[in-house]
Amino acid sequence: MSVRQYGNWIDGDWARPGAARPIERRSPAHGALLATFADSAFAEVDAAVAAAKRAFRKAETWSDLAGGERAHLLNRWLDLVAADSEQLAVMEAEETGKPIRFARGEVAWSIELGRYAAALAWQIPGEALSHLGAPNFGLITRAPRGVVGMIVPWNFPLVTLFQKLPFALAAGCTCVIKPSELTSGTALEVAALAAKAGLPPGVINVVTGTGAQVGEALIDHPDVQMISFTGSTAVGRKIALRCGEQLKRVGLELGGKAANVVFADADIDAALDGALLGYVLNQGEECVQGSRLIVEERIADEFVARLAARSGAVRVGMPLDESTDMGALIHEQHMNKVLGYIETGKREGARLACGGHRITAHGLEQGCFVAPTIFAQVRPEMTLFREEIFGPVLSVTSFRTMDEAIALANDTRYGLGNGLWTKDVDKALLVSKKLRSGTVYVNTYLETAVQLPFGGVGQSGLGRENGLEGLLEFMDVKSTFVKLGKRPDALPHACS
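Cut-offs used in this document
Residues numbered from 1 in each chain as written. Predicted model: local features only at pLDDT ≥ 70, side-chain atom pairs only at ≥ 80, totals over all residues. Heavy atoms only, no water. Helix = DSSP H or I, 4+ residues; strand = E, 2+ residues; numbered from the N terminus. Expected span 1.5 Å × (residues − 1). Buried < 20%, exposed > 50% of the residue type's maximum accessible area, 1.4 Å probe, protein only. Salt bridge = Lys/Arg side-chain N within 4 Å of Asp/Glu carboxyl O. Pairing = 2+ DSSP bridges. Polar contact = N/O pair within 3.5 Å; in protein donor to acceptor, adjacent residues only side chain to side chain. Contact = heavy atoms within 4.5 Å. Axes fitted to C-alpha atoms, helices over the stretch in contact; angles between N-to-C directions. Right-handed = clockwise from strand over helix to strand, strands pointing away. Core = buried A, V, L, I, M, F, W, Y, C linked by side-chain atoms within 4.5 Å. Phe/Tyr/Trp six-rings, centres within 6.5 Å; stacked < 30°, edge-to-face > 60°. Lys NZ or Arg CZ within 6 Å of the ring centre and 35° of its normal.

Q: Any chance you could explain helix α3 (residues 85–96) here in plain terms?
A: Quick reminder: α-helices carry 3.6 residues per turn. Residues three or four places apart thus point the same way. Taking 1.5 Å per residue as the helical rise, α3 with its 12 residues ought to reach 16 Å, and the 16 Å between its terminal C-alpha atoms agrees with that figure. Among the residues making up α3, those that are buried are Leu88, Ala89, Met91, Glu92, Ala93, Glu94, Glu95 and Thr96. Of the residues flanking the end of α3, it is Gly97, one or two places downstream, whose phi is positive at about 90 degrees.

Okay, structure coming up:
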């Protein structure tokens, strides 16, 4: 296996790493060295921001292009991304530990997000107001915000980037991207492909390194007009405070503790499949993971037994194995944190229905593999119910009435997503209306469309990605008031 070696991508070209020892990314599945990334600091961030600022201000380079011209360039770029989709999927699978077949789907979804964003560039919304009283006329227009700093996580490196980047570009912004130091490969590759497609130098820049060095330098840089961050609520809160001190725009897509609510009148087989996918997809390292199963009491025991049986059939294995359903957790420290939550669940009295251990058999001893784990009889005050675990761990709590189900689902400081399963259309609409979250999945889970905005309420974040709202996040609104014809004097007695 050849090791991928990267510098930063600044102003349309590769920039050599500095003197600091590069960051090594080893496979979370088997420990082999996969790639090295530049361990950057303020100087590299400053150079990237300067390049982005030049590209934004330079006449007819990017922000002043017609929306259709930006759309053409974005689609040319996405054609190249599509042509390299298999290589990108392999890189995602290797660096994150996820199964290759899911990584392929994520690359395809990223391209679809990009195509939609490019289409939005054709018709950026505005409004003309002719009813302001003669002879007055008003315009409501939108302008790109400028240089956007993007900080993206390690769990879905390409998807979380493409929920931001093509929308910001379609709006006319330029960008500096700080990917996770663990999974920087695909961000660097797609930036280079953008240059090959003809996007001007400086429109996309990528600086790798740690949050303490690169992330903080980006957040505090005076020439960055907006920070768009995906990650933990704890870090997001700190970023919001820093941006607030600077009166800097901020978009935050943060943590979650989603509930999957199953009523007795649901299609049980479909609900079982959705609940299983909801907690094991991406090894549970998923901000909208259906980590709380809230199931009607009269079917709870049978549902948990059947779900535990299905969980035992999940194929845990190497990321590039085509048969793998669930791969490795991101690194050993995180694996130990997840195992610690499992021990807490046992200690607090929840009933372990399946899993609950690290997997080391069949050649997996060098990796960070944890078995799909279900705890039944979880009470709302328990740690498993309240805290985001970010691993393949499911807590099960039962309910008797619809109101109780809603109360349990909403009993969290988060509000990113929830799911519900019922064949009663009245119940589906009533419950979805009352669930406090930015997204509700009905009779499915983790399924959406590019036109639908994504984001949270409460401690799950600020702002929205995807959909038209995802474009407008990167634009400022301007009001223009026009006086037609002769303006009457306001102070006629002062006129000579």
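Q: I'm lost on the pattern of salt bridges in this one. Help?
A: Working definition: two side chains of opposite charge can pair if their charged atoms are close together. Under the defined criterion, the tally for this structure stands at 25 salt bridges. Between Arg298 and Glu296 there is a salt bridge, with its nearest N and O atoms 3.3 Å apart. The exposure class assigned to Arg298 is exposed, which follows from its relative accessible area of 68%. The shortest N-O distance in the salt bridge between Asp411 and Arg386 comes to 3.0 Å. With Asp411 in the loop between α14 (402–409) and β18 (417–421) and Arg386 in helix α13 (residues 383–386), the pair connects residues that are 25 residues apart, well separated along the chain. The exposure class of Asp411 is partly exposed, given its relative accessible area of 29%. Note on Arg386: relative accessible area 32%, which makes it partly exposed.

Q: Quick question: what am I supposed to make of helix α10 (residues 268–280) here?
A: In a regular helix each residue adds 1.5 Å, so 13 residues correspond to 18 Å; α10 covers 18 Å between its end C-alpha atoms and thus fits that length. Considered for burial, the residues of α10 that qualify are Ala271, Leu272, Gly274, Ala275, Leu276, Gly278, Tyr279 and Val280. Following α10 by one or two positions, Asn282 has its phi on the positive side, about 55 degrees.

Q: Which parts of the structure should I look at to understand unusual backbone geometry?
A: Glycine aside, the phi torsion of most residues is negative, and most peptide linkages are trans. Unusually for a residue other than glycine, Asn282 sits at a positive phi of about 55 degrees. Mapped onto the elements, Asn282 comes out in the loop between α10 and β14 (292–296). Residues other than glycine seldom take positive phi values, yet Asn466 does so here, at roughly 65 degrees. In this fold, Asn466 is placed in the loop between β20 (461–462) and α16 (467–472). Judged by relative accessible area, Asn466 falls into the buried class, the value being 3%.

Q: In this structure, what is going on with the pairing of strand β16 (residues 373–376)? I would like to understand it.
A: On any regular strand, side chains alternate: one points to one face of the sheet, the next to the other face. A two-sided burial pattern is seen for β16, the buried positions comprising Thr373 and Phe375 on one face and Ile374 and Ala376 on the other. For strand β15 (residues 351–354) and β16, the ladder comprises three bridges, and the chain directions are antiparallel. What sits directly across from Leu352, in β16, is Phe375. Where β16 and strand β17 (residues 393–399) come together, three bridges link them in parallel fashion. By the bridge assignment, Ile374 is partnered in β17 with Leu394.

Q: What's the story with the side chain of Ser40 in this structure? I'm lost.
A: As for its position among the elements, Ser40 is in the loop between β5 (33–37) and α1 (42–57). With relative accessibility at 3%, the residue Ser40 sits in the buried group. Within the local environment of Ser40, its side chain forms a polar contact with the side chain of Asn8, the two groups lying 2.8 Å apart. Ignoring anything within four residues of it in the chain, the contact list for Ser40 reads Asn8, Val207, Thr208, Gly209, Gln213 and Val214.

Q: What should I look at first to understand the sheet that holds strand β1 (residues 4–5) in this one?
A: Working definition: the strands of a sheet are paired by backbone hydrogen bonds and lie parallel or antiparallel to each other. Ordered in space as β1-β5-β4, the three strands form an open sheet in which the pairing is mixed. In the strand order of this sheet, the two ends are held by β1 and β4 (23–26), each with one partner. Taken together, the four bridges between β4 and β5 define a ladder with antiparallel strand orientation. Following the sheet pairing, Arg25 is matched in β5 by Ala35. Strands β1, β4 and β5 of the sheet are contacted by α3, whose axis makes an angle of about 95 degrees with β5.

Q: It is not clear to me how the pairing of strand β13 (residues 259–262) should be interpreted in this structure. Could you clarify?
A: Neither face of β13 is open: one carries Ala259 and Val261, the other Asn260 and Val262, and all of them are buried. When β13 meets β14, the two strands line up parallel, connected through four bridges. Considered in β14, the bridge of Asn260 is made with Leu293. Handedness of the crossover is the feature at issue here: the chain leaves β13, passes through α10, returns alongside β14, and the resulting connection is right-handed.

Q: Mind showing me how you'd approach the nonpolar core here?
A: When a protein is soluble and globular, its nonpolar side chains tend to lie buried together. Trp77, Leu169, Leu199 and Ile204 are the most contacted members of the largest nonpolar core, which has 60 residues in total. Counting residues per element, this core draws most heavily on helix α4 (residues 100–120), at nine residues. Ignoring sequence-local partners within four residues, the contact set of Leu199 consists of Trp62, Leu73, Leu74, Trp77, Leu169, Ala194 and Ile204. Counting residues in each nonpolar core, the second largest holds 39 residues, with Ala29, Ala258, Leu394 and Val396 among its members.

Q: Could you clarify how one ought to interpret the packing of aromatic side chains in this entry?
A: The description of an aromatic ring pair uses the distance of the two centres, along with the angle that the planes make with each other. The full count for this structure, using the stated rule, is eight aromatic pairs. The interplanar angle of 40 degrees and the centroid separation of 6.0 Å between the aromatic rings of Tyr6 and Trp14 together place this pair among those described as tilted. Taking relative accessible area as the criterion, Tyr6 reaches 8% and is therefore assigned buried. Looking at Arg292, its charged tip hangs above the ring of Phe385, at a distance of 4.7 Å from the centre.

Q: Explanation requested: the sheet that holds β18 in the structure shown.
A: If you walk across this open sheet you meet the seven strands as β15-β16-β17-β14-β13-β18-β19, and the pairing is mixed. Of all the strands in the sheet, just β15 and β19 (439–442) have a single pairing partner and so form its edges. Here the strands of the sheet are splayed against their neighbours by 25 degrees on average, with no regard to which way each runs. Here β13 runs beside β18; their pairing, made up of three bridges, is parallel. Note on β18: the bridge partner recorded for Val261 is Leu420.

Q: So what exactly am I meant to see when it comes to the side chain of Lys164 here?
A: Looking at where Lys164 falls in the secondary structure, it is placed in the loop between α5 (157–162) and α6 (165–171). Residue classification places Lys164 among the buried positions, given a relative accessible area of 0%. Leave out the neighbours within four places in its chain, and Lys164 touches Met150, Ile151, Val152, Ser228, Phe229, Thr230, Glu465 and Phe474.

Q: Would you mind going over the environment of Val262 with me for this structure?
A: With respect to the helices and strands, Val262 occurs in strand β13. According to the relative accessible area criterion, Val262 is buried, its value standing at 0%. In the structure, Val262 is positioned 181 residues away from Asn443 in sequence and 9.2 Å away in space, judged by C-alpha atoms. Not counting the four nearest positions on each side in its chain, Val262 is found in contact with Ala271, Leu293, Ile294, Val295, Glu296, Ile299, Phe303, Phe399 and Trp421.

Such coordinate-based values are descriptive only and should not be taken to indicate function.
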